[in-house]
Amino acid sequence: MAEAANVPLLDNDILRSVHAFPGVASNDFTARFHLRGSEQNGVLVRLDGVDLHEPFHLQDSGGPLSIIHRSLLGEATLLLGVYPPPYRSGTAGVFDLTTRSPGHEKRAMVGLDLLKMMFAAEGDVRDGDASYLFAARRGYVDLVLAVVDAIESLDEKFRPRYTDMYTKIEVPLRSGASLMVSSLYGRDTNLIDKEGDDDDLDSAYENSVTWMRWRSAPSSRVAAEAIPYVGFATRERTEGRTEWDGRDLMYAGVKGSVAGSAGGVHQPEVGAELRMASGVYDYRETISPFPAPTDTPERISVLADVGGLDASAYVQDEWRVSDAVGLMYGGRLLCQSYSSEISVSPSLAIAARLLPDTTWRVGVGSVAGPVGPRSVEHTSELQSQAYLVCR
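Residues numbered from 1 in each chain as written. Predicted model: local features only at pLDDT ≥ 70, side-chain atom pairs only at ≥ 80, totals over all residues. Heavy atoms only, no water.

1. Topic: the overall build of the chain
Turning to step 1, where the next piece is worked out: Counting its secondary structure elements, the chain contains one helix and 23 strands.
Turning to step 2, where the next piece is worked out: Relative to all contacts within the chain whose residues are 6 or more apart in sequence, the contacts with residues 24 or more apart total 56%.
Turning to step 3, where the next piece is worked out: As presented, the chain carries roughly 20,700 Å² of accessible surface, and 57% of it is formed by carbon and sulfur atoms. (Helix = DSSP H or I, 4+ residues; strand = E, 2+ residues; numbered from the N terminus. Contact = heavy atoms within 4.5 Å. Areas by Shrake-Rupley, 256 points an atom, 1.4 Å probe, with all protein chains shown as cover.)

2. With respect to the nonpolar core
Turning to step 1, where the next piece is worked out: Membership of the largest hydrophobic core comes to 38 residues, with the highest contact counts inside it found for Leu 15, Ile 68, Phe 95, Leu 97, Leu 184 and Trp 211.
Turning to step 2, where the next piece is worked out: Counting residues per element, this core draws most heavily on strand E7 (residues 73-80), at four residues. (Core = buried A, V, L, I, M, F, W, Y, C linked by side-chain atoms within 4.5 Å. Buried < 20%, exposed > 50% of the residue type's maximum accessible area, 1.4 Å probe, protein only.)

3. A few points about the packing of aromatic side chains
Turning to step 1, where the next piece is worked out: Counted according to the given criterion, the structure contains three aromatic pairs.
Turning to step 2, where the next piece is worked out: Arranged with centres 6.4 Å apart and planes meeting at 85 degrees, the rings of Phe 33 and Phe 95 form a pair that is edge-to-face. With Phe 33 in the loop between strand E1 (24-25) and strand E2 (34-35) and Phe 95 in strand E8 (residues 93-99), this residue pair connects regions lying 62 residues apart in the sequence. (Phe/Tyr/Trp six-rings, centres within 6.5 Å; stacked < 30°, edge-to-face > 60°.)

4. Points about the environment of Ala 352
Turning to step 1, where the next piece is worked out: Of note, Ala 352 is situated in strand E21 (residues 342-355).
Turning to step 2, where the next piece is worked out: A residue is classified by how much of its surface remains accessible, and Ala 352, at 19% relative accessible area, is buried.
Turning to step 3, where the next piece is worked out: With 30 residues separating them along the chain, Ala 352 and Ser 322 place their C-alpha atoms 9.4 Å apart.
Turning to step 4, where the next piece is worked out: Excluding anything up to four places from it in sequence, Ala 352 contacts Ala 324, Val 325, Thr 358, Thr 359 and Trp 360.

This is how it looks when you write it as structure tokens:
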């Protein structure tokens, strides 16, 4: 997706760059998108090997911006249809993002545009013993609206505010391996206050994940990596005087993989992940009776506290049958402590170059994604989809 670097985007948002691609459906008001008619939550967004949970700003308005600025990225890959088993936690497709390596020269940048202020810095530490990349943004739509309101009083106050921060430190190890420590944080607050109207909105969202990525290639035929991570997400939303919606999620896990090469013909890979998650969902609402307002109002209260373990493992192989034909096959096993179901997701894909500039790809497979504390409003059951893709 190198061509996306030259596409003009709202707030330089990389997630909006895929809206113009075939098989993608969205609108101008959100950075979220659908792949091949799927639900939006079926799209997995991954950054430097870690799955991101709701990486969007201003979710009360549909999530018009993501928490990832395009200037941080070095590579972006959109996978849809039959994609490899390592990405099978997404049921519809994957947007795999890789941040760029920090530059060796120390430098800093301050940016200002119609929506936000931004500060970024990068460079080496101790003559190359480590390098860092840092970026922080603060949207100031709320400040602009406050000035407008001070000049001419408005009947409705609208105060959306968003901030995010990304930090990465890369350390080359003496063994030839590399270690990366990263953190991504985002926060939003929103206030809609209309005079004389009880149906107002006051909300706050917070999202953070921190992880390490160790990578080693002891030989030209073997490569390994390990990624421990921990994160949380909170949501506090009050509408008027009668409704409260609070969600708290905490998760931690570790994943790893080993890949090899057998004479350039086979490229096998195995991997596994163990993740623990805990979610609390607190919802309360008071419904005024209709048509008799003098009756006792109905109160709805739901409190759910769920959690458990997800364990998954995969195996795959890329087989170069000939210079014109390639084959990828593999599968993924998924089980959850809070579900009695165990899912196996096999896949098979063939690529054939029929003409010098024409390659046909055919694939078939099934995908099962976990539903649990990350989406506590749903039932804890596995979601499955099957695909047959030709192009």
